[in-house]
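Chain by chain, the residues run as shown.
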Amino acid sequence: MNLPDEAATIALGARLARALRPGLVVWLRGDLGAGKTTLVRALLHGLGHQGRVKSPTYTLIEPYQAGGLELRHFDLYRFQDESEWEAAGFRDEFDGHNICLVEWPEMAQGLVPEADVEIGLQIVPHGRAARLRAYSEAGKRCLNAL
Ligand SMILES: Nc1ncnc2c1ncn2[C@@H]1O[C@H](COP(=O)(O)OP(=O)(O)OP(=O)(O)O)[C@@H](O)[C@H]1O
Ligand SMILES: [Mg+2]
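For the structure given in this document, a descriptive report is provided here.

Rules used in this analysis
- Residues numbered from 1 in each chain as written.
- Chains lettered and ligands numbered in written order.
- Predicted model: local features only at pLDDT ≥ 70, side-chain atom pairs only at ≥ 80, totals over all residues.
- Heavy atoms only, no water.
- Helix = DSSP H or I, 4+ residues; strand = E, 2+ residues; numbered from the N terminus.
- Rg over C-alpha atoms; globule rule 2.2 N^0.38 Å.
- Buried < 20%, exposed > 50% of the residue type's maximum accessible area, 1.4 Å probe, protein only.
- Contact = heavy atoms within 4.5 Å.
- Donors = N, O, S within 2.8 Å, 3.2 Å for Na, K, Ca; no water.
- Pairing = 2+ DSSP bridges.
- Near = heavy atom within 4 Å.
- Polar contact = N/O pair within 3.5 Å; in protein donor to acceptor, adjacent residues only side chain to side chain.
- Areas by Shrake-Rupley, 256 points an atom, 1.4 Å probe, with all protein chains shown as cover.
- Nonpolar A, V, L, I, M, F, W, Y, C, P; charged D, E, K, R; others polar.
- Axes fitted to C-alpha atoms, helices over the stretch in contact; angles between N-to-C directions.
- Parallel < 35°, antiparallel > 145°, perpendicular 65-115°, else oblique.
- Left-handed = near helix turned anticlockwise from the far one by under 90°.

Describing the overall build of the protein chain
Move 1: Helix and strand counts for the protein chain come out as 5 helices and 7 strands.
Move 2: Moving toward the C terminus, one meets the helices and strands of the protein chain in the order β-α-β-α-β-β-α-α-β-β-β-α.
Move 3: Computed over its C-alpha atoms, the radius of gyration of the protein chain comes to 14 Å, within 12% of the 15 Å expected for a compact globule of 146 residues.
Move 4: Summarising its shape, the C-alpha atoms of the protein chain cover approximately 40 × 30 × 30 Å along the three principal directions.
Move 5: Within the protein chain, buried positions represent 46% of all 146 residues.
Move 6: Counting only contacts in the protein chain whose residues sit at least 6 apart along the sequence, the fraction spanning at least 24 positions is 60%.

Given below as structure tokens:
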């Protein structure tokens, strides 16, 4: 999918908002500045979240309630090791109810549950290229609802 400008990324986020269901694990892949946080921000605003959406660069996680859903936004770029995972109680956040939106899942390999949906964003000469893949029945239902 071609996303020629930031508005196109925001539009995709708004569409995704309507297709999310409790318990989904969404992996967001792509280089620094690819648009992962932009997509999450648009998704949360699409669900009616009014406040700011800041990148959880240092906190690693930000919780949200919006549109009757519980969401957790992770940015694991600065994630260190398994002890940090346990100390922060991240395991409990993947509870089959929270919608978990995970930037940089590859930084905590083996700890982050497998994706239902993986969204890859690639920086291309004219904007971004998005690739959406489903890895479970719930993930397929999500992408079919887009
Ligand atoms: N389709 C697009 N075309 C061009 N620019 C875009 C597009 N989508 C988003 N951007 C811009 O790219 C930047 C993306 O920044 P963002 O913080 O969302 O990236 P990120 O993938 O979360 O990076 P990080 O890995 O550092 O967290 C923003 O400046 C945004 O305006
Ligand atoms: Mg980000």
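Thoughts on the coordination of the magnesium ion (ligand 2)
Move 1: Taken together, the protein ligands of the magnesium ion (ligand 2) are T37 (OG1) and E103 (OE), with distances of 2.1 to 2.2 Å. You can see T37 sitting in helix α2 (residues 36–46) and its partner E103 sitting in strand β5 (residues 99–103), a full 66 residues away along the chain. Both residues of the pair, T37 and E103, count as buried.

Description of unusual backbone geometry
Among all residues save glycine, negative phi is the norm, and among peptide bonds the norm is trans.
Move 1: The residue L60 is not glycine, and still its phi comes out positive at about 70°.
Move 2: Locating L60 in the fold gives a position in the loop between α2 and β3 (61–66).
Move 3: In this structure, W104 is a non-glycine residue whose phi angle is positive, near 60°.
Move 4: Structurally, the position occupied by W104 is in the loop between β5 and β6 (117–124).

Things to note about the sheet that holds strand β1 (residues 2–3)
Move 1: Read across the open sheet, the 7 strands follow the order β1-β7-β6-β2-β5-β4-β3; overall the sheet is mixed. Strands at the two margins of the open sheet, each flanked by one partner only, are β1 and β3.
Move 2: Bridge analysis of strand β2 (residues 25–29) against β5 gives 4 bridges, and the strand direction is parallel. Bridge pairing in β5 links W27 to V102.

Examining the site of ligand 1
Move 1: Of all residues adjacent to ligand 1, which total 18 residues, the nearest are T9, G33, K36, T37 and T38.
Move 2: A distance of 3.1 Å is found between an oxygen atom of ligand 1 and a side-chain nitrogen or oxygen belonging to E103.
Move 3: Burial of ligand 1 by the protein chains amounts to 74% of its free accessible area of 650 Å².
Move 4: For the shell around ligand 1, the element with the highest residue contribution is α2, accounting for 3 residues.
Move 5: A class-by-class count of the residues in the shell around ligand 1 yields 5 nonpolar, 6 polar and 7 charged.

Topic: the pairing of β2
Move 1: β2 sits mainly inside the fold: 4 of its 5 residues count as buried.
Move 2: For β2 and β6, the ladder comprises 4 bridges, and the chain directions are parallel. Its bridge partner being in β6, R29 is matched across the sheet by G120.

So, the packing of helix α1 (residues 6–19) against α2
Move 1: Contact geometry for α1 and α2: axes closest at 7 Å, N-to-C directions at 50°. When the axes of α1 and α2 are compared, the pair comes out oblique. For the element pair α1 and α2, the recorded crossing hand is right-handed. Packed against α1, whose contacting residues are E6, T9, I10, L12, G13, A14, L16 and A17, the element α2 presents T38, L39, A42, L43 and G46 at the interface.

These figures come from the coordinates and say nothing about function on their own.
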